[in-house]
Each structure stands twice: as structure tokens, then as C-alpha cells.
Amino acid sequence: TPSDQALLMMRYLSESIAEEHLPLRVPVLIYHDTLPAPTMVKPRREMFLLYAPRERCYGHALDDPACQRNQWYLASLKAWAEIGKGISDAHTFEYYCDQILFRGMYPFLPEVIIDDMRVYETCGIESHMVLQVGGAALAPEYNLLLFARAAWDRQVTAERFIHEMAGRLNPGRPAEWESFLRRRGDVFQRAMRLCA
């Protein structure tokens, strides 16, 4: 499979690193053709997993049972997590801020981001990265701010983030911003539902 071929190449690199006693790690990119787990080749301890589900549905969390598309991505993630047991680290590489993927839109996806981080952590992934591609925006990139906050604050919720952000944007009249951000999240989460 493409995953076996990619993993075989990474094994050759990691074997060379081990022979030379180099303090390096080799990433195993789980992306596009390599999302289905390998069937023949296993990773080595010099490798780390980098899960990048770009073509998933961003209108639902990965574990939302209403989304058939993300059920496939979640099964892929679980299969790779099982294969990667014993490897000391794994990372996500998400696309919440990828304006190429979102065709120049700046969707606000607070519930999806928070729920995804919970899903990733139940699969043993605690290190998260996000790609940001795009131009200038009139407003802050709310997904990036939420993503950064959620990466270190496991207690943050979408509702709490919206409440605090509204208070910072307009301390005198936060209710209007709170309503705007909540509605923006709802609208974009529905618009991003590309499940089929």
C-alpha cells in the first residue's frame, strides 16, 4: 500500500540514523494516500507520527457519528495510533487556518477545534500543529487564537473562549461581540459540513 511504501522508506532512514547513533527522529506523514494504515511495515522507535487529515469534514468533529466522512478519518487515526504504540511522540497537523483549503474564507470552528483536540488526546496525541495559509484579514484569525489557547489550556471551552474574546474586543459592550462570534461559529460549522 502507499502507507507501507512510505513507512518502508522511513524505516530505511531511521535504520541509518540508529546505525550512526544520531539524535534524530524521522516523521511518518499520515496524509492523503498514507491515511489508511499500513498492513506490512511497522514503525521504529526513531520515528514519530504526524497525522494530517486535510480532506476531512471541518463541519464536524472527528468523532461526530453524524459524519460518515470523519468516521473514516477517525478509524484511520485509531489504526495508526495502534500501530504507533510504543513510539514516544505523535503530532497532529491540522488545517483550521488554511485559506487555500477554505477558498479564502476565514471560518470560525470553535466546537470542532476543541472536540478534535479531545479526540486526538484519547488516541495518545497531545502535540498539535496547525497550518496557516492566507492573506491579511480584517479581524483576528479566531481559529488560530483558539487553537493556541486550547493547546495549553485543557479547560478552555468554545463558549468560554468566545466570552473572553468578546470582552477583549469590546470591554464596554461584549454582548454584541459574543453574539457575533457565536453566530459566526454556528454558520461556518454548518457551511463546512462536507460529509459526502
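Above this text is the structure in question.
Residues numbered from 1 in each chain as written. Predicted model: local features only at pLDDT ≥ 70, side-chain atom pairs only at ≥ 80, totals over all residues. Heavy atoms only, no water.

Asks: Can you help me understand the overall build of the chain in this one?
Replies: When helices and strands are counted, the chain shows six helices and four strands. Beginning at the N terminus, the succession of helices and strands in the chain can be written as α-β-β-α-β-α-β-α-α-α. Overall, the C-alpha framework of the chain stretches about 65 × 35 × 30 Å when taken along its three principal axes. Buried residues in the chain amount to 44% of all 196 residues. Counting only contacts in the chain whose residues sit at least 6 apart along the sequence, the fraction spanning at least 24 positions is 69%. Summed over all atoms, the accessible surface of the chain reaches about 10,400 Å², with 58% contributed by carbon and sulfur. For the chain, the distance from the average site of its 22 positive side-chain charges to the average site of its 25 negative ones is 3 Å. (Helix = DSSP H or I, 4+ residues; strand = E, 2+ residues; numbered from the N terminus. Buried < 20%, exposed > 50% of the residue type's maximum accessible area, 1.4 Å probe, protein only. Contact = heavy atoms within 4.5 Å. Areas by Shrake-Rupley, 256 points an atom, 1.4 Å probe, with all protein chains shown as cover. Lys, Arg positive; Asp, Glu negative; His and termini not counted. Charge placed at Lys NZ, Arg CZ, Asp CG, Glu CD.)

Asks: Honestly, the nonpolar core in this entry has me stumped. Any pointers?
Replies: What tends to happen in soluble globular proteins is that the nonpolar side chains get buried as a cluster. In terms of nonpolar packing, the biggest core is built from 45 residues, with V28, Y51, Y58, L77, Y96, L109 and Y120 touching the most fellow members. Of all the elements, helix α3 (residues 110–122) adds the most residues to this core, at six residues. Setting aside residues no more than four positions away along its own chain, V28 makes contact with L7, M10, M47, F48, L49, L50 and W80. (Core = buried A, V, L, I, M, F, W, Y, C linked by side-chain atoms within 4.5 Å.)

Asks: Looking at this structure, I do not really get the packing of α3 against helix α4 (residues 142–152). What am I missing?
Replies: For any two helices packed against each other, one specifies the inter-axial angle together with the distance between the axes. The contact between α3 and α4 brings their axes to 10 Å, and the two run at 25°. The angle between the axes of α3 and α4 places the two elements in the roughly parallel class. The two elements α3 and α4 meet at a crossing, and its hand is right-handed. Of α4, the residues touching α3 (which contributes P110, I113, I114 and M117) are N143, L146, F147, A150 and A151. Per-class residue counts for the contact of α3 with α4 are eight nonpolar, one polar and no charged. (Axes fitted to C-alpha atoms, helices over the stretch in contact; angles between N-to-C directions. Parallel < 35°, antiparallel > 145°, perpendicular 65-115°, else oblique. Left-handed = near helix turned anticlockwise from the far one by under 90°. Nonpolar A, V, L, I, M, F, W, Y, C, P; charged D, E, K, R; others polar.)

Asks: Would you explain the state of the cysteines in this entry?
Replies: Joining two cysteines, a disulfide is a covalent bond between their sulfur atoms. If you walk through the whole model with that rule in mind, you get zero disulfides. C57 takes part in no disulfide bond, and the closest cysteine sulfur, belonging to C195, lies 3.8 Å away. The class of C57 is buried, set by a relative accessible area of 0%. Between C195, a cysteine without a disulfide, and C67, which holds the nearest cysteine sulfur, the sulfur-to-sulfur distance is 3.6 Å. You can call C195 partly exposed: its relative accessible area is 23%. (Disulfide = S-S within 2.5 Å.)

Asks: I keep staring at the sheet that holds strand β4 (residues 127–133) and nothing clicks. Help me out?
Replies: Across a sheet, strands are paired by hydrogen bonds formed along the backbone, either parallel or antiparallel in direction. Ordered by their spatial adjacency, four strands build an open sheet running β1-β2-β3-β4, and the pairing between neighbours is parallel. The outermost strands of the open sheet, each flanked by one partner alone, are β1 (26–31) and β4. Here the strands of the sheet are splayed against their neighbours by 25° on average, with no regard to which way each runs. Strand direction decides the pairing type here: strand β3 (residues 90–98) and β4, joined by six bridges, are parallel. Across the sheet, T92 pairs through a bridge with H128, a residue of β4. Where α4 meets the sheet, its contacts fall on β3 and β4, and the angle it forms with β4 comes to roughly 165°. (Pairing = 2+ DSSP bridges.)

Asks: It is not clear to me how the packing of aromatic side chains should be interpreted in this structure. Could you clarify?
Replies: For any pair of aromatic rings, the description consists of the separation of the ring centres together with the inter-plane angle of the planes. Under the counting rule described, the total for this entry stands at nine aromatic pairs. Here the aromatic rings of Y58 and Y96 are separated by 5.8 Å at their centres, their planes lie at 85°, and the arrangement is edge-to-face. Taken together, the positions of Y58 in the loop between β2 (47–52) and α2 (68–83) and Y96 in strand β3 put the pair 38 residues apart, joining distant regions of the chain. Relative accessible area serves as the criterion here: at 3%, Y58 is assigned to the buried category. In textbook terms, an aromatic cluster arises when at least three aromatic residues are bridged by ring pairs, as seen for Y58, Y96, F102 and F147. The side chain of R54 reaches across the aromatic face of Y95, ending 5.7 Å from its centre. Over the ring of Y58 we find R56, and its NZ or CZ is 4.4 Å from the ring centre. (Phe/Tyr/Trp six-rings, centres within 6.5 Å; stacked < 30°, edge-to-face > 60°. Lys NZ or Arg CZ within 6 Å of the ring centre and 35° of its normal.)

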